[in-house]
Amino acid sequence: MKRYSLKHLHGATFALLISIALTAGCDNQRQNDEPAAGSQAALDLALKAAIDTQIVPGFQALQSEAQILSSDATAFCNNMSTTTLSELQTQWKTLSAQWNQVAIYNLGPLNDDLLLPKIIFIESMRQRGTDYTDTVRSSIVAALSSMDNLNSTYFDNLPFTNTGILALEVLIFESTIGTHSTDLNDIVSDYQSAPRKCEYLQGMAELFNRHASYVIDGWQIEHLDTGKPFKDILLDGELDDGTASVVKLVTVIQEHLDYIKKRKLETVLDAQIADYAYQNIAATLQQIEQLMNGIDDEQYSFFDHMNNSGFSAEVNVVTDNLGIAKQAVSARDRSAAATAIGVLDGNFKREIPDGLQVILGINFSDGD
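Residues numbered from 1 in each chain as written. Predicted model: local features only at pLDDT ≥ 70, side-chain atom pairs only at ≥ 80, totals over all residues. Heavy atoms only, no water.

Caption draft 1: Quick look at helix H13 (residues 277–293). Along its 17 residues, H13 runs 25 Å from first to last C-alpha, staying within 8% of the 24 Å computed at 1.5 Å per residue. When H13 is considered as a whole, its buried residues turn out to be Ala277, Tyr278, Asn280, Ile281, Ala283, Thr284, Leu285, Gln287, Ile288, Leu291 and Met292. Gly294 sits one or two residues past H13 and shows a positive phi near 85 degrees. (Helix = DSSP H or I, 4+ residues; strand = E, 2+ residues; numbered from the N terminus. Expected span 1.5 Å × (residues − 1). Buried < 20%, exposed > 50% of the residue type's maximum accessible area, 1.4 Å probe, protein only.)

Next comes the structure, spelled out in structure tokens:
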């Protein structure tokens, strides 16, 4: 008997084919059949596919890119030149884009401490929407003039305001002394005149690497002291606060969109020194699109689930709004991008939960 994939079927068609198959004398227990369209089992299938193809691989890639950046920092320090610095800058951009793909998954290992979650040590703006560039600059100057041992303990004890993707941007894209020049030659000269700056750069890169390792280990190996990886906790619906897994996933993405709109586009753009703010937002939108649509035609995705449940109109609305947001970001139209992302934020409050047939409940979307 031919088995029909959920990927290509809408609710009514799916039901008809199942009816025909049953009357044709197929195994009444249907042990090998896919779950019914629109069912909780089908939604769980979409969630599992998202975890396996998007979320966990995304955090794996973050760790990999962090390791490469750490290696590139060492290579630059061993051979200071505009060429090795340019390579280091390129790798920072790759790391930053990868971070902005997974930053939407602010749950589990990224957010397992009430006061000091890992996410704020990677992206300090995520806490209050504050631009800590001057704080980072001051911390670098203080470290270079101090006698402190710049070992792992030193960096582990730094406040979140001094660390993460911003600290690496300041170290890699501008000179510390004087006018904060972004000229490659000035940056190289700055490192040559202050040997401890390389120690600081390497230590900060290794700190980021440790944070990335902590997060992926939590997803794959063990989350806190639960004895289980967080991917299993999420898939099994065992979140500490009792929230349904898909509800939690939709909520954290909506909150991140709200954060981008209110704290970045309407307040302070990130990555201004590297001129990479719009690329970061584009990476976020790309991840959301892939999460909802799947990475290929074989994956049963959240959009497939919405289509099969009779919510094709809602899928079209979200798809159209994603396209508008991507276009505005590509054009670097800050006002249009803020508006479009605000509309997309609304989709994650209405059309998407409606189509997935989940109830979000009370949702405080202030970006915190």
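Caption draft 2: Spotlight on unusual backbone geometry. Even without being a glycine, Ala271 presents a positive backbone phi close to 50 degrees. Mapped onto the elements, Ala271 comes out in the loop between helix H12 (245–265) and H13. In the Ramachandran plot, Gln357 falls in the positive-phi region, its phi being about 60 degrees despite a non-glycine side chain.

Caption draft 3: Here's a closer look at the pattern of salt bridges. One pass over the structure, following the stated rule, counts 17 salt bridges. Of the charged contacts in the structure, one is a salt bridge between Arg332 and Asp275, with a shortest N-O distance of 3.0 Å. With Arg332 in the loop between helix H15 (312–330) and helix H16 (334–347) and Asp275 in the loop between H12 and H13, this residue pair connects regions lying 57 residues apart in the sequence. Since its relative accessible area comes to 38%, Arg332 is described here as partly exposed. Using a relative accessible area of 46% as the deciding quantity, one classes Asp275 as partly exposed. Between Lys326 and Glu289 there is a salt bridge, and its shortest N-O distance comes to 2.9 Å. Of this pair, Lys326 sits in helix H15 while Glu289 sits in helix H13; the two residues are 37 residues apart in sequence, bridging distant segments of the chain. Among the residues examined, Glu289 registers a relative accessible area of 28% and is labelled partly exposed. (Salt bridge = Lys/Arg side-chain N within 4 Å of Asp/Glu carboxyl O.)

Caption draft 4: The state of the cysteines, seen in detail. Per the stated rule, a full pass over the model turns up 1 disulfide. There is a disulfide in this structure between Cys77 and Cys198, and the S-S distance comes to 2.1 Å. An S-S torsion of about -105 degrees defines the bridge between Cys77 and Cys198 as left-handed. Remark: Cys198 occurs in helix H10 (residues 196–220) and Cys77 occurs in helix H2 (residues 40–78); sequence separation between them is 121 residues. A relative accessible area of 16% places Cys77 in the buried class. Under the relative-accessibility criterion, Cys198 is labelled buried at 6%. (Disulfide = S-S within 2.5 Å.)

Caption draft 5: Spatial organisation of the packing of H12 against H16. Close contact between H12 and H16 brings their axes to 9 Å; oriented N to C, the two are set at 155 degrees. By the angle between their axes, H12 is roughly antiparallel relative to H16. When you trace H12 past H16, the crossing you get is left-handed. Residues Gln254, Leu257, Asp258, Ile260, Lys261, Lys264 and Leu265 of H12 pack against Arg334, Ala337, Ala338, Ile341, Gly342, Leu344 and Asp345 of H16. Residue classes in the contact of H12 with H16 are distributed as 7 nonpolar, 2 polar and 5 charged. (Axes fitted to C-alpha atoms, helices over the stretch in contact; angles between N-to-C directions. Parallel < 35°, antiparallel > 145°, perpendicular 65-115°, else oblique. Left-handed = near helix turned anticlockwise from the far one by under 90°. Contact = heavy atoms within 4.5 Å. Nonpolar A, V, L, I, M, F, W, Y, C, P; charged D, E, K, R; others polar.)

Caption draft 6: Inspection of the nonpolar core at higher detail. Counting 109 residues, the largest nonpolar core has Phe59, Trp92, Leu168, Tyr200, Leu201, Trp219 and Phe302 as the members making the most contacts within it. Element by element, the count of residues in this core is highest for H2, at 15 residues. Beyond its immediate stretch of four places on either side in the chain, Trp219 contacts Ile55, Val56, Phe59, Leu107, Pro109, Pro229, Phe230, Lys231 and Leu234. (Core = buried A, V, L, I, M, F, W, Y, C linked by side-chain atoms within 4.5 Å.)

Caption draft 7: Looking closely at the environment of Thr243. With respect to the helices, strands and loops of the structure, Thr243 is situated in the loop between helix H11 (230–235) and H12. You can call Thr243 partly exposed: its relative accessible area is 23%. Along the primary structure Thr243 and Gly361 are separated by 118 residues, whereas in three dimensions their C-alpha atoms are 9.9 Å apart.

Caption draft 8: Fine view of the layout of surface pockets. Estimates place the volume of the largest pocket at around 770 Å³. Asn106, Leu107, Asn111, Asp112 and Lys248 are, among the 32 residues lining the largest pocket, the residues nearest its centre. Considering every element that reaches the lining of the largest pocket, the biggest residue donor is H12, with 5 residues. Looking at side-chain class alone, the lining of the largest pocket contains 14 nonpolar, 9 polar and 9 charged residues. When its volume is computed, the second largest pocket comes out at roughly 210 Å³. Lining the second largest pocket are 20 residues, with Met125, Leu166, Glu169, Asp270 and Ala271 sitting closest to its centre. (1 Å grid on protein atoms, 1.4 Å probe; cavity = no way out; pocket = protein on both sides within 12 Å on 5 of 7 lines; lining within 4 Å. Points joined across faces, edges and corners; volume = space filled by probe spheres on them.)

Function-wise, these values are silent; they only describe arrangement.
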